[in-house]
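Structure at a glance
One-letter residues, chain by chain:
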Amino acid sequence: MESETPLLDELEKGRWPSFVKEIKRAAKKNKAALDLLRVEELSYKDKITHWKHGGIVGVTGYGGGVIGRYCDKPEEYPEVAAFHTFRVNHPAGWFYKTEALRKICDIWEKYGSGMTNFHGSTGDIILLGAKTENLQPCFNELTEAGFDLGGSGSGLRTISGCVGPARCEWATIDTLDITYDLTMEFQDEIHRPRWPYKFKIKISGCPNDCVAAIARADFTIIGTWRDSIRIDQEAVREYVKNGFDIETVVRKCPTEAISWDEKNKVLNFVPEDCTRCMHCINKMPKAIRPGTEGGATILVGGKAPILKGAYLSWVIVPFMKMEPPYSEVKSLLRKIWDWWDEHGRTRERLAELIERLSFARFLKDMGLPVQPQMVFRPRSNPYVFFRR
Amino acid sequence: MPRTDIGPPNYKDMLPDIIKRNYWKWKYHEIVKPGVLKHVAESGDVLYSVRVGSPRLVSVDFIRDICEIADKYCDGYLRFTSRYNIEFLTDKQENVDKIIEEVQRLGLPVGGTGPCVTNIVHTQGWIHCHSAATDASGIVKAIMDELYDYFTSMSLPAGVRIAVACCINMCGAVHCSDLAVVGVHTKPPRIDHEKLMAQCEIPTTIQSCPTGAIRRHPDPNIKSVVVREELCMYCGNCFTVCPAMSIADPEGDGVAIYAGGKVSNARKPPMFSRLIVPYLPNNPPRWPEVVEVIKKILEVYAKNARRYERMGEWIERIGWEKFFRLTGIPFTEYHIDDFTHAVETYRTTTQFKW
């Protein structure tokens, strides 16, 4: 028999694991997965998407967590006429007991298409495609199994962070605990959207920023330290003895804070010149480690292009201690949200609002003392609004 | 009544014993071989992580398959990375090769560590998104088939992070990736006036446009809007607030390629990815033009960059003029920015290369 999906079948070939094989696998047991495959094939033929706008769907008591999705050809593909997505809040750090994962699989096989994303860009487990009438019972069983929904719409998105102290020697803050604590504190903000637009919080344990917090979070927490890096000179000598090219570390130090004394076999270091960029630590993990006085740099405003172009987050607090119950960061968040709620326009991200009203105004309204760490360099123009 | 606002499972309940014991106490790590990390704790405890690529869009049976391996060799625990890789964690060195053997039997690649191309972060595309200008899963599959050996080896000067976004909303950190594929519309929205009158709020629709291209319809009897096409840059924001402003177009939609971004602070500060190829057509199922450009840039970088140099750092050192020459990609009028903050990109020095 001729295949219904000749274009997609091409993507079963090749060495990288195939999502088409996965949909076909689900389609053996589930009619919606089969229709999903057919709709995707139609998109490959027509070169446009066949998904319409999400209407308002959800579960009782929540405004977010479910993305409504309908096919634009419901007669041809009745099984995916309504094909809504659950965002399920992941455990911090994406660690799982297999027992918990199996529960999700069983529930999703019962109520949904059997297709998932591990994970979505927000960090959530994505359960892809349920009929409207299945939403509530599926949610009920998910929470019975210990899983809650994540965020969507104009509210707080699921918070996510890097692997942190669970399995990384570089973390200077407890990214998993902060992620979990803030998530529990702000359940209302996640599940009941009430803001001008989306708001993202992401947390990285060190300046390597493995979860890209600086690029994609309106509120960015990045681990750093205030004292000096720790150098184990014996371990440095061991690296050099084993043929490690120490110059690749010295030459690439952006502030020329380190130098190699070949005669005495000592790595010299000037702590006040260091900007904690991580290069030497990354290259010599056995010999160089972050300092011990850990905390975080707080930045705001990171976002992708829509509407006014892309932004990287801006420093607003150069150093903040991060210890439970994280009161300082929570009160700062609440203050920012109130300000954004008060002044923001519909679909205006925090960075766009700050740009419209000025960074100086934002810092003043937040009561944050201005510091040279907040700018690359001062302004060059003379258009100063002197305040009287 | 269902339970609500219980939040996610406490991460502490999901951690294997060796991680609980050594939380905060890791001393250093090394990469034993591609895809295998070895973390050593202050206590002397050793943890091996086997990193495995996945197609991201997976069936529940796939999850059950990997759970089975984790039950057999990892005491029933596993972890995912932010780039959709699976990590099998074990304190037993002898389990490492057994895990590798099992995942390879499932057809899954081991890699994604060190100076490699790791798994591609991507969005939903035609699989599930209403504003997608292109597919995502399919492009990713086509690219990774071609770059497979760069995932399973560590032969590049530095890590190369690739991302795919199916429209310029760019869910994920596409705008700061070493290489990025971005779905683009190139034609203004088509307005269905009757549908608009029935379904859309006119002030919200007008306000949604970042360039002020949307105006009220000049005929007061038509409760709709018009688009000044010369101001439209096809962002699709109006379509998101008003379904009657359809922007998807089989001929106009395609992808753009960006390069040279990063988020890490190592050496240089984070950087945005920059436009390399303004438009390539959607050509499913394998998007050959896209795969070719990505591979070309990657290989020119691999051949020319210095050790530890990220793509953006390499390009900044050699200069964009040389980058376009080395890759043979034409520099066009579209590379000169004409949107917000454009002037920051104009050259204000006589220092440049030929």
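A brief structural summary.

Definitions and limits used
Residues numbered from 1 in each chain as written. Chains lettered and ligands numbered in written order. Predicted model: local features only at pLDDT ≥ 70, side-chain atom pairs only at ≥ 80, totals over all residues. Heavy atoms only, no water. Salt bridge = Lys/Arg side-chain N within 4 Å of Asp/Glu carboxyl O. Helix = DSSP H or I, 4+ residues; strand = E, 2+ residues; numbered from the N terminus. Buried < 20%, exposed > 50% of the residue type's maximum accessible area, 1.4 Å probe, protein only. Pairing = 2+ DSSP bridges. Right-handed = clockwise from strand over helix to strand, strands pointing away. Contact = heavy atoms within 4.5 Å. Buried area = accessible area lost by both parts, 1.4 Å probe. Polar contact = N/O pair within 3.5 Å; in protein donor to acceptor, adjacent residues only side chain to side chain. Axes fitted to C-alpha atoms, helices over the stretch in contact; angles between N-to-C directions. Parallel < 35°, antiparallel > 145°, perpendicular 65-115°, else oblique. Left-handed = near helix turned anticlockwise from the far one by under 90°.

Moving on, we come to the pattern of salt bridges. Working definition: two side chains of opposite charge can pair if their charged atoms are close together. A complete count under the given rule lists 54 salt bridges over all chains for this structure. Here Arg25(A) makes a salt bridge to Glu22(A), at a shortest N to O gap of 3.6 Å. With Arg25(A) and Glu22(A) both in helix α2 (residues 19–27) and three residues apart, this pair spans about one turn of that helix. The class for Arg25(A) is partly exposed, based on a relative accessible area of 25%. For Glu87(B), the salt bridge goes to Arg79(B), with nearest N and O atoms at 2.9 Å. Taken individually, Glu87(B) and Arg79(B) each receive the classification buried, so the pair is uniform in this respect.

It is worth spelling out unusual backbone geometry at this point. Here the amide bond leading from Ile306(A) into Leu307(A) is cis, since omega sits at 10 degrees, within 30 degrees of zero. The topology assignment puts Leu307(A) in the loop between β15 (294–300) and β16 (314–320). Cis geometry is adopted by the peptide bond preceding Pro285(B), which originates at Pro284(B) and carries an omega value of 5 degrees. With respect to the helices and strands, Pro285(B) occurs in the loop between β15 (274–281) and α8 (288–304). Here Lys265(A), not a glycine, exhibits a phi torsion of approximately 55 degrees, which is positive. Note on placement: Lys265(A) falls in the loop between β12 (258–261) and β13 (266–269). Judged by relative accessible area, which is 33%, Lys265(A) ranks as partly exposed. Non-glycine residue Asp5(B) carries a positive phi angle of around 55 degrees. With respect to the secondary-structure elements, Asp5(B) resides in the segment before α1 (17–22). The class of Asp5(B) is partly exposed, set by a relative accessible area of 23%.

The next thing to look at is the pairing of strand β8 (residues 162–165) of chain B. Residues and elements named next belong to chain B. Residues Ile 162 and Val 164 line one face of β8 and the alternating positions Ala 163 and Ala 165 line the opposite face, and both faces are buried. By the bridge criterion, two bridges tie strand β7 (residues 121–122) to β8 in an arrangement that is parallel. Looking across to β8, one finds that His 122 is bridged to Val 164. The β-α-β motif built from β7, the intervening helix α4 (residues 137–152) and the parallel element β8 has left-handed crossover chirality. Here four bridges tie β8 to strand β9 (residues 179–184), and the two strands are oriented parallel to one another. Bridging across to β9, Val 164 finds its partner in Val 181.

This part takes up the interface of chain A and chain B. Taken together, the contact between chain A and chain B spans 121 residues of the former and 118 residues of the latter. Together chain A and chain B conceal approximately 10,800 Å² of surface at their shared face, both sides included; 60% is due to carbon and sulfur atoms. There are 11 salt bridges connecting chain A and chain B. In this assembly, chain A and chain B are joined by 60 residue pairs in polar contact (both at pLDDT 80 or more). In terms of residue count, helix α4 (residues 98–111) of chain A provides more of the side of chain A that touches chain B than any other element does, eight residues in total.

Attention now goes to the sheet that holds strand β5 (residues 95–97) of chain A. An order of β5(A)-β5(B)-β6(B)-β3(B)-β2(B)-β1(B) is seen for the six strands of this open sheet, with the pairing classed as antiparallel. Strands with a single pairing partner mark the edges of an open sheet, and in this sheet they are β5 of chain A together with β1 (26–33) of chain B. Pairwise comparison of adjacent strand axes, ignoring direction, gives a mean angle of 30 degrees for this sheet. Note: strand β3 (residues 46–52) of chain B against strand β6 (residues 86–90) of chain B, five bridges, orientation antiparallel. Of the residues in β6(B), the one forming a bridge with Val50(B) is Phe88(B). The sheet strands contacting α4(A) are β5 of chain A together with β5 (77–80) of chain B, and the helix crosses β5(A) at an angle near 80 degrees.

Below, the discussion takes up the packing of α8(B) against helix α10 (residues 320–327) of chain B. For any two helices packed against each other, the geometry comes down to the angle between their axes and how far apart the axes lie. Residues and elements named next belong to chain B. Put simply, α8 and α10 touch, their axes get as near as 10 Å, and they point 115 degrees apart. With respect to their mutual orientation, α8 and α10 come out roughly perpendicular. The handedness of the crossing between α8 and α10 comes out as right-handed. Counting all contacts with α8, which are made through Lys 296, Ile 297, Val 300 and Asn 304, the residues of α10 involved are Phe 323, Leu 326 and Thr 327.

Here the focus is the side chain of His279(A). In this structure, His279(A) sits in helix α11 (residues 279–283). There is a polar contact of 3.1 Å between the side chain of His279(A) and the backbone oxygen of Thr248(A). With near-sequence residues (within four places) excluded, His279(A) lies in contact with Thr248(A), Val249(A), Lys252(A), Ala266(B), Arg267(B) and Tyr308(B).

Before going further, it helps to examine the environment of Phe239(B). Residue and element names in this part refer to chain B. Along the chain, the position of Phe 239 falls in helix α7 (residues 237–241). Taking relative accessible area as the criterion, Phe 239 reaches 11% and is therefore assigned buried. Considering only alpha carbons, one finds Phe 239 and Glu 309, 70 residues apart in sequence, at a separation of 41 Å.

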